[in-house]
Amino acid sequence: QVQLVESGGGLVQAGGSLRLSCVVSGSTFYINLMGWYRQAPGKQRELVATMNSGGMTNYADSVKGRFTISKSNDKNTVYLQMNSLKPEDTAVYYCNVRTTMSVHFWGQGTQVTVSS
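Please read all numbers here as calculations on a predicted model, not as lab measurements.

Student: How should the overall build of the chain be read in this particular structure?
Tutor: If you tally the helices and strands in the chain, you get 0 helices and 11 strands. If you list the helices and strands of the chain from N to C, you get β-β-β-β-β-β-β-β-β-β-β. Taking 116 residues into account, the globule formula puts the C-alpha radius of gyration at 13 Å, and the chain, at 13 Å, falls close to it. Relative to its 116 residues, the chain shows a buried fraction of 43%. Computing the positive centroid from 10 side-chain charges and the negative centroid from 6, the chain places the two 4 Å apart.

Student: How should I be thinking about the sheet that holds strand E8 (residues 77-82) in this particular structure?
Tutor: For sheets, the rule is that strands pair by backbone hydrogen bonds, running either parallel or antiparallel. Pairing is antiparallel in the open sheet, where 4 strands are placed in the order E1-E3-E8-E7. Each end of this open sheet is capped by a strand with a single partner; those strands are strand E1 (2-7) and strand E7 (67-71). Geometrically, the sheet is characterised by an average inter-axis angle of 15° between neighbouring strands, direction not taken into account. Note: E1 against strand E3 (residues 18-26), 6 bridges, orientation antiparallel. Across the sheet, the residue bridging to Gln 3 is Ser 25, located in E3.

Student: Any chance you could explain the packing of aromatic side chains here in plain terms?
Tutor: Aromatic ring pairs are defined here through the distance separating the ring centres and the angle between the ring planes. For the structure on display, the rule yields 3 aromatic pairs. Note on Phe 29 and Tyr 30: the rings are 5.3 Å apart at their centroids and 90° apart in plane angle, and the pair reads as edge-to-face. Residues Tyr 37 and Trp 106 carry aromatic rings whose centres are separated by 5.0 Å and whose planes lie at 65° to one another, so their mutual orientation is edge-to-face. Highlighted residues: Tyr 37 in strand E4 (residues 31-39) and Trp 106 in strand E10 (residues 104-106), separated in sequence by 69 residues. The exposure class of Trp 106 is partly exposed, given its relative accessible area of 37%. Here the aromatic residues Tyr 37, Tyr 94 and Trp 106 are joined through ring pairs into a cluster of three or more.

Student: When you look at the state of the cysteines in this model, what are you seeing that I'm missing?
Tutor: Any covalent bond linking the sulfur atoms of two cysteines counts as a disulfide. All chains considered together, the criterion is met by 1 disulfide. Paired by a disulfide, Cys 22 and Cys 95 hold their sulfur atoms 2.2 Å apart. On the sign convention where negative is left-handed, the bridge of Cys 22 and Cys 95, at about -85° about the S-S bond, is left-handed. One end of the pair, Cys 22, is in strand E3; the other, Cys 95, is in strand E9 (residues 91-99), and 73 residues separate them in sequence. We classify Cys 22 as buried; its relative accessible area is 0%. Residue Cys 95 is classed as buried on the basis of its relative accessible area, which comes to 0%.

Student: In this structure, what is going on with unusual backbone geometry? I would like to understand it.
Tutor: The bulk of non-glycine residues show a negative phi, and the bulk of peptide bonds are trans. For Ser 84, which is not glycine, the phi dihedral falls at a positive 50°. Its place among the elements puts Ser 84 in the loop between E8 and E9. By relative accessible area, Ser 84 is classed as partly exposed at 42%.

About the criteria used
- Residues numbered from 1 in each chain as written.
- Predicted model: local features only at pLDDT ≥ 70, side-chain atom pairs only at ≥ 80, totals over all residues.
- Heavy atoms only, no water.
- Helix = DSSP H or I, 4+ residues; strand = E, 2+ residues; numbered from the N terminus.
- Rg over C-alpha atoms; globule rule 2.2 N^0.38 Å.
- Buried < 20%, exposed > 50% of the residue type's maximum accessible area, 1.4 Å probe, protein only.
- Lys, Arg positive; Asp, Glu negative; His and termini not counted.
- Charge placed at Lys NZ, Arg CZ, Asp CG, Glu CD.
- Pairing = 2+ DSSP bridges.
- Axes fitted to C-alpha atoms, helices over the stretch in contact; angles between N-to-C directions.
- Phe/Tyr/Trp six-rings, centres within 6.5 Å; stacked < 30°, edge-to-face > 60°.
- Disulfide = S-S within 2.5 Å.

Encoded structure:
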């Protein structure tokens, strides 16, 4: 089992920045992909950014150049630095990890609200 605890969400004005954190615990040895997803009201959950165990990253087109995913040296915390935030970035952001057995684990979500 893997447990994920997110923090760092909040209310920010357009153009501002936030950094989300996700502390990962449990059977972390089997994790080969870490990432962030988001879900806006009335919309499906969508991928924001991922990073694999080799450090390769992938971003949604809508956040490229504005968001950066990273992880701590001990690989137990994954971050999402969000700059130049827009009102359309408003959503609940979820931390996600995938294991070598293709099992996904999710955090509880953290609300990000960007005011215009």
